[in-house]
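So you can see what is in the structure, the chains are spelled out below.
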Amino acid sequence: MSIKLEKLVEILQDTALKNEMINAFGYGEVSDIMNLKLPFLWLEPTGSIVSGGLMNEVTYQLDVFVMDRLIKGDVANWLETTSDTLYILHTFINQLSKTDDFINLGLLLQQNITTEPVYESTDDDVNGHKATILIKTPRRIATSNSPHN
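My aim in this report is to walk through the structure given alongside it, one point at a time.

## A look at the pattern of salt bridges
Evaluated as defined, the whole model comprises 6 salt bridges. A salt bridge links Glu 57 to Lys 136, with the nearest nitrogen and oxygen atoms 3.7 Å apart. With Glu 57 in strand E3 (residues 57-69) and Lys 136 in strand E6 (residues 126-138), this residue pair connects regions lying 79 residues apart in the sequence. What makes Lys 136 partly exposed here is its relative accessible area of 31%. Ionic pairing is found between Lys 72 and Asp 125, a salt bridge with its closest N-O pair at 3.5 Å. Placement of Lys 72 in the loop between E3 and helix H2 (75-96) and of Asp 125 in the loop between strand E5 (115-118) and E6 is noted, with a sequence separation of 53 residues between them. Judged by its relative accessible area of 52%, Lys 72 falls in the exposed class. Judged by its relative accessible area of 27%, Asp 125 falls in the partly exposed class.

Below is the structure:
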């Protein structure tokens, strides 16, 4: 049985909402972000790679955003939102690789994740941070368990 993107997003959402610093979760294109309780975590899929000797692994590439309210013109708030969102993103990444689902399903989070600041990325005046994560999953597809059309 392979891990479908839908199951992976479910695991990421569950992990995000268990984090006491994250108040909402969203999924889709960043342009779809609207009126979420702050701070929030947003997940945008950006691709996948099928690999391995028998093409038996799938690596999902996802952009993870943690965003919070920006008070324009308030320098202290600017620093606070970028600092807090980076901390929240780091704790989310740390929690993710330690979840039971992650361990039991044989998921592997790529090492050396780079984060970057995101400034005023939506009409809602939010600042935050983004990380691009790669999650390798086992791919157990054979003719006996794969649908045919």
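## Description of helix H1 (residues 5-18)
Here H1 is 14 residues long and its end C-alpha atoms lie 20 Å apart, about the 20 Å a rise of 1.5 Å per residue gives. Taken together, the buried positions of H1 are occupied by Leu 8, Val 9, Ile 11, Leu 12, Thr 15 and Ala 16. One face of H1 carries all of its buried residues, which in axial projection span an arc of 160 degrees. In H1, the exposed positions that point more than 90 degrees away from the buried face belong to Glu 6 and Lys 18.

## Structural notes on the side chain of Lys 130
The residue Lys 130 is located in strand E6 in this model. Those residues within four positions of Lys 130 in sequence are excluded, and the remaining contacts are Asp 63, Val 64, Phe 65, Leu 89, Thr 114, Thr 115, Glu 116 and Val 118.

## Here's the deal with the packing of aromatic side chains
According to the stated counting rule, one finds 1 aromatic pair in the structure shown. Both rings, one in Trp 78 and one in Tyr 119, keep their centres 5.0 Å apart while their planes meet at 20 degrees; by these two values the pair is stacked. In this pair, Trp 78 is assigned in helix H2 and Tyr 119 in the loop between E5 and E6, connecting sequence segments 41 residues apart. Tyr 119 gets classed as partly exposed once you look at its relative accessible area, which sits at 43%.

## Here we look at the side chain of Thr 15
Note that Thr 15 resides in helix H1. A residue is classified by how much of its surface remains accessible, and Thr 15, at 4% relative accessible area, is buried. Of the polar contacts made by the side chain of Thr 15, one reaches the backbone oxygen of Ile 11; its length is 2.9 Å. Those residues within four positions of Thr 15 in sequence are excluded, and the remaining contacts are Phe 92, Gln 95, Leu 96 and Thr 99.

Analysis parameters
Counting restarts for each chain, with residues numbered from 1 along the sequence as it is written. Predicted model: local features are reported for residues with pLDDT of at least 70 only, side-chain atom pairs are reported and counted for 80 or more only, and whole-chain, interface and lining totals are derived from all residues. Hydrogens and water molecules were not included; the side-chain quantities draw on all heavy atoms of the structure. In the sections that follow, a salt bridge refers to a side-chain nitrogen of Lys or Arg positioned within 4 Å of a carboxyl oxygen of Asp or Glu. Starting at the N terminus, helices and strands are each numbered in turn, a helix being any DSSP run of H or I of at least four residues and a strand any DSSP run of E of at least two. Here's how the labels work: a residue is buried when its accessible area is under 20% of the maximum for its type, exposed when over 50%, partly exposed in between, all with a 1.4 Å probe on protein chains only. What a helix is expected to span follows from its residue count: subtract one and scale by 1.5 Å. Of all possible arcs, the one meant is that of the directions from the helix axis to the C-beta atoms. Contacts: residue pairs with any heavy atoms within 4.5 Å of one another. Ring pairs are drawn from Phe, Tyr and Trp, using the six-membered ring of Trp, whenever the two centres fall within 6.5 Å, and their geometry is named by plane angle: stacked under 30 degrees, edge-to-face over 60, tilted for the rest. We call two N or O atoms a polar contact when they sit within 3.5 Å, provided that within protein one can donate a hydrogen and the other can accept it, with sequence-adjacent residues counted only if both atoms are side-chain atoms.

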